[in-house]
Amino acid sequence: MATIEECRAALGRLSDSMRRAEGDVRAAAAMDRSVSCHVTDLDVTFAGRLTGGRIEVHDTLEGPPRERAQIRLAMKGDDLLALVDGELHFARAWGSGRVKLEAGLLDLLHLRKLL
C-alpha cells in the first residue's frame, strides 16, 4: 500500500510533467482551479490549486475533502502512483470506477486533453 509521502511525491511528479507539456496539454494545464485528491485507502486528502501549469498542494488533510474543490479526484494510493508512473490508463481506471473525477462540464472538456 502506498504511503502519504509516496502519494504526495507522485502529485509532485505529475505537476512537473504538466509543466513540461506542450500544445493542447499545456493549454489545458494552464487552468486556474481549486483541486482535491482524496486517497481513499489512506483516508487523506491533498488540497490545493491547479495554476500556472502546475498542481500546488497547500494542505494534507485527514479524511475526505472538507471543501468542495472545482476539480475533485478520489482513488486508492496505489492507483495514484500507477497513473502518474504511466502503468494505469486514466480512461480505463475512470471507466471501471477505480478513479473518480468530478468537475464542471467546461473543466471536464479542458481536462480531457490532460488525461
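Residues numbered from 1 in each chain as written. Predicted model: local features only at pLDDT ≥ 70, side-chain atom pairs only at ≥ 80, totals over all residues. Heavy atoms only, no water.

- Per an unreviewed UniProt entry, the recorded name for the chain is Sterol-binding protein, and the organism is Streptomyces incanus.

Some words on the packing of helix 1 (residues 4–19) against helix 3 (residues 77–84)
Relative placement of two packed helices is described by the angle separating their axes and the distance separating the axes.
In step 1: At a minimum axis separation of 9 Å, helix 1 and helix 3 run at an interaxial angle of 25°. In this view, helix 1 runs roughly parallel relative to helix 3, as classed from their interaxial angle. Considering only the axes of helix 1 and helix 3, their crossing is left-handed. Taken together, the residues of helix 3 that come into contact with helix 1 (itself represented by Glu 6, Cys 7, Ala 10, Leu 11, Arg 13 and Leu 14) are Gly 77, Leu 80, Leu 81 and Val 84.
In step 2: A breakdown of the residues in the contact of helix 1 with helix 3 according to their chemical character gives 7 nonpolar, 1 polar and 2 charged. (Axes fitted to C-alpha atoms, helices over the stretch in contact; angles between N-to-C directions. Helix = DSSP H or I, 4+ residues; strand = E, 2+ residues; numbered from the N terminus. Parallel < 35°, antiparallel > 145°, perpendicular 65-115°, else oblique. Left-handed = near helix turned anticlockwise from the far one by under 90°. Contact = heavy atoms within 4.5 Å. Nonpolar A, V, L, I, M, F, W, Y, C, P; charged D, E, K, R; others polar.)

Digging into the pattern of salt bridges
In step 1: One pass over the full model with this rule turns up 6 salt bridges.
In step 2: The salt bridge involving Asp 16 is made with Arg 54; its shortest N-O contact spans 3.2 Å. Note that Asp 16 is positioned in helix 1 and Arg 54 in strand 3 (residues 54–62), a separation of 38 residues in sequence.
In step 3: Under the relative-accessibility criterion, Arg 54 is labelled partly exposed at 25%.
In step 4: With a closest N to O distance of 3.0 Å, Arg 49 and Asp 32 form a salt bridge. Placement of Arg 49 in strand 2 (residues 44–51) and of Asp 32 in the loop between helix 2 (23–29) and strand 1 (33–39) is noted, with a sequence separation of 17 residues between them.
In step 5: Taking the relative accessible area as the measure of exposure, Arg 49 reaches 29% and is therefore partly exposed. (Salt bridge = Lys/Arg side-chain N within 4 Å of Asp/Glu carboxyl O. Buried < 20%, exposed > 50% of the residue type's maximum accessible area, 1.4 Å probe, protein only.)

Considerations on a nonpolar patch on the surface
In step 1: Together, Leu 105, Leu 106 and Leu 109 give the surface a local cluster of nonpolar side chains, amounting to about 340 Å² of exposed area.
In step 2: For Leu 106, the position within the fold is in helix 5 (residues 105–111). (Patch = residues over 30% accessible without salt bridge, like charges linked within 9 Å, V, L, I, M, F, W, Y side chains within 5 Å. Areas by Shrake-Rupley, 256 points an atom, 1.4 Å probe, with all protein chains shown as cover.)

What about helix 3?
In step 1: Taken across its 8 residues, helix 3 has 6 buried, putting it largely inside the fold.
In step 2: Residues Gly 77, Asp 79, Leu 80, Leu 81, Ala 82 and Leu 83 constitute the buried set of helix 3.
In step 3: Lining the buried residues of helix 3 we find helix 1, strand 1, strand 4 (71–75), helix 4 (90–95) and strand 5 (99–103).
In step 4: In the segment just after helix 3, Gly 86 is the residue with positive phi, at about 80°.

Description of the nonpolar core
In step 1: Core analysis: the biggest nonpolar cluster contains 26 residues, and Val 39, Ile 71 and Leu 80 have the highest contact counts within it.
In step 2: Residue assignment for this core shows that the elements contributing at least two residues are helix 1, strand 1, strand 2, strand 4, helix 3, helix 4 and strand 5.
In step 3: Residues contacting Val 39, with those up to four places away along its chain left out, are Cys 7, Val 44, Phe 46, Met 75, Lys 76, Gly 77 and Leu 80. (Core = buried A, V, L, I, M, F, W, Y, C linked by side-chain atoms within 4.5 Å.)

Things to note about unusual backbone geometry
In step 1: Positive phi, normally seen in glycine, also occurs at Asp 43, with a value near 50°.
In step 2: Mapped onto the elements of the fold, Asp 43 is located in the loop between strand 1 and strand 2.
In step 3: The exposure class of Asp 43 is partly exposed, given its relative accessible area of 38%.

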